[in-house]
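What the coordinates show
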Amino acid sequence: MASSEEEASTGCPVPVGTDTAPSCPDSDPDPAPAQSDSTEDFEVLEEDEDDLSELPPLEDVGRARAPPPPEPPEDSRCPEQDPGETPEPPQEWLDVLGNGLLKKKTLVPGRGAESRPRKGQEVTVRLRAALEDGSVVEEDPGLTFTLGDCDVLQALDLCVQLLELGETALIVSDAKYCYGSHGRSPDIPPNAALTLEVELLEARDGPDLELLSGKEKVALANRKRERGNFYYQQADYVLAINSYDIALKVIGSSSKVDFSPDEEAELLEVKVKCLNNLAASQLKLDHYEAALKSCNLVLEHQPGNIKALFRKGKVLAQQGEYRDAIPILKAALKLEPSNKTIHAELSKLVKKHADQKTVETEMYRKMLGNPSAGSAPVKCKDKLPWSIPWKWLFGATAIALGGVALSVVIAARN
């Protein structure tokens, strides 16, 4: 349940922490089939092999590390220490994921490991984010989000789980766990690493979904859906699916509160949007059966939903089921005859279906040993010389039978 005090009144927040796409709350990754191709042209982000050779020294990343204090002389050590024991060094960088791309260092200690937040809790942090050159791109004195739901930057979501209550830490993250190759216009360029200064202010249990009002459920589900839209636009379809699934769980959770008809209608609208966006993400990952299931769930509620019909047709086409896909796309085209995207997809499928039928017909002919349709008929040259045309045999038989009948008549008269 990510929220920020600096969110715009339009509902289109863009802070670093929440990281939400600059789209309106009711927007989808591809709002209409006519736009689906344009918004579905993102290339899937490839995870390159980790290369630590070009990483700058840790002292040069973010803030400079202070040199360790000189070792005290032998006679100044505390009596409890052994003669060979050295004082504990200052807090070093923690390699969070073991790949050198996400590091954390404690600046101000917290209240102990037992005060660390748990996944599913709501946490509030003070956040300051800067580029490698020191340019500050975000300051938020009270950013609140649900830990573990990927509601914020991955770097922040992963590292806050390691913070103690009251702890202030410095986080240095590669672009992979921030804004990736897309960046965030206009202040964060593509492939930009970020330095985050974070203080954990509060951790509390998340809201009881059963006690949320209809409007609260709609607001929470919409925030999760918008987060999924952000990941979809970043071509991170796995995290997009995760966010849409969380939104659907919020909508489908049981409730002890009665909803008004308008609230029920709003929840259904958000559910349909989430299912449509979920199908789009699953289609990007070639999860055809899952995408087909999502489309069918939409069509159960709205049989004339053009997006669901369009995507279902695409799923069936990807599976080679052209005969089933064509009538579904025809139904979508009937609902929106001017849609050029559906026209193009339908024309493409009709051609593929015709080619498929030609291939299947040729295959059946070969299996049955028949000549192909395009080959000219070949006269049989190996007929035996004594073979008699069947017409001659029929004529001769008729004459013979006529002669026998005449002989019988003559004999009867005599």
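In case you missed it, the structure is sitting above this.
In what follows, the accompanying structure is described.

Rules used in this analysis
Residues numbered from 1 in each chain as written. Predicted model: local features only at pLDDT ≥ 70, side-chain atom pairs only at ≥ 80, totals over all residues. Heavy atoms only, no water. Pairing = 2+ DSSP bridges. Helix = DSSP H or I, 4+ residues; strand = E, 2+ residues; numbered from the N terminus. Axes fitted to C-alpha atoms, helices over the stretch in contact; angles between N-to-C directions. Parallel < 35°, antiparallel > 145°, perpendicular 65-115°, else oblique. Left-handed = near helix turned anticlockwise from the far one by under 90°. Contact = heavy atoms within 4.5 Å. Nonpolar A, V, L, I, M, F, W, Y, C, P; charged D, E, K, R; others polar. Polar contact = N/O pair within 3.5 Å; in protein donor to acceptor, adjacent residues only side chain to side chain. Phe/Tyr/Trp six-rings, centres within 6.5 Å; stacked < 30°, edge-to-face > 60°. Buried < 20%, exposed > 50% of the residue type's maximum accessible area, 1.4 Å probe, protein only. Expected span 1.5 Å × (residues − 1).

What follows covers the sheet that holds strand S2 (residues 102–108). Hydrogen bonding along the main chain pairs the strands of a sheet, whether they run parallel or antiparallel. Spatially, the six strands line up as an open sheet ordered S1-S2-S5-S6-S3-S4, and their pairing is antiparallel. One side of each edge strand has no neighbouring strand; the edge strands of this open sheet are strand S1 (94–95) and strand S4 (136–146). As paired elements, S1 and S2 share two bridges and run antiparallel to each other. Across the sheet, residue Leu94 finds its bridge partner in S2, namely Lys104.

Okay, the packing of helix H5 (residues 261–284) against helix H7 (residues 306–318) next. Put simply, H5 and H7 touch, their axes get as near as 10 Å, and they point 20 degrees apart. For the element pair H5 / H7, the angle class is roughly parallel. You can see that H5 and H7 cross each other, and the crossing is left-handed. From H5, Asn276, Ala279, Ala280 and Leu283 reach across to H7, where they touch Lys307, Ala308, Arg311, Lys314 and Val315. For the contact of H5 with H7, the residue count by class is five nonpolar, one polar and three charged.

Glancing now at the side chain of Lys224. Within the secondary structure, Lys224 is located in helix H3 (residues 214–233). Polar side-chain contacts of Lys224 include one of 2.6 Å to the side chain of Asp151.

Let us now look at the packing of aromatic side chains. Under the definition given, this model contains three aromatic pairs. Here Tyr179 and Phe230 contribute two aromatic rings whose centre-to-centre distance is 6.2 Å and whose plane-to-plane angle is 90 degrees, an arrangement assigned as edge-to-face. Of this pair, Tyr179 sits in the loop between strand S5 (168–173) and strand S6 (194–204) while Phe230 sits in helix H3; the two residues are 51 residues apart in sequence, bridging distant segments of the chain. Accessibility classification places Tyr179 together with Phe230 in one group, the buried group.

Now for the environment of Glu132. Relative to the helices and strands, Glu132 is located in the loop between strand S3 (122–131) and S4. Sequence separation between Glu132 and Thr195 is 63 residues; the distance between their C-alpha atoms is 6.8 Å.

Attention shifts here to H3. If you check H3, its first and last C-alpha atoms are 28 Å apart, about what 20 residues at 1.5 Å a residue would give, namely 28 Å. For H3, the tally of buried residues reaches 15 of 20 residues, placing the bulk of the element in the interior. At the exit of H3 stands Ala235, carrying a positive phi of roughly 65 degrees.

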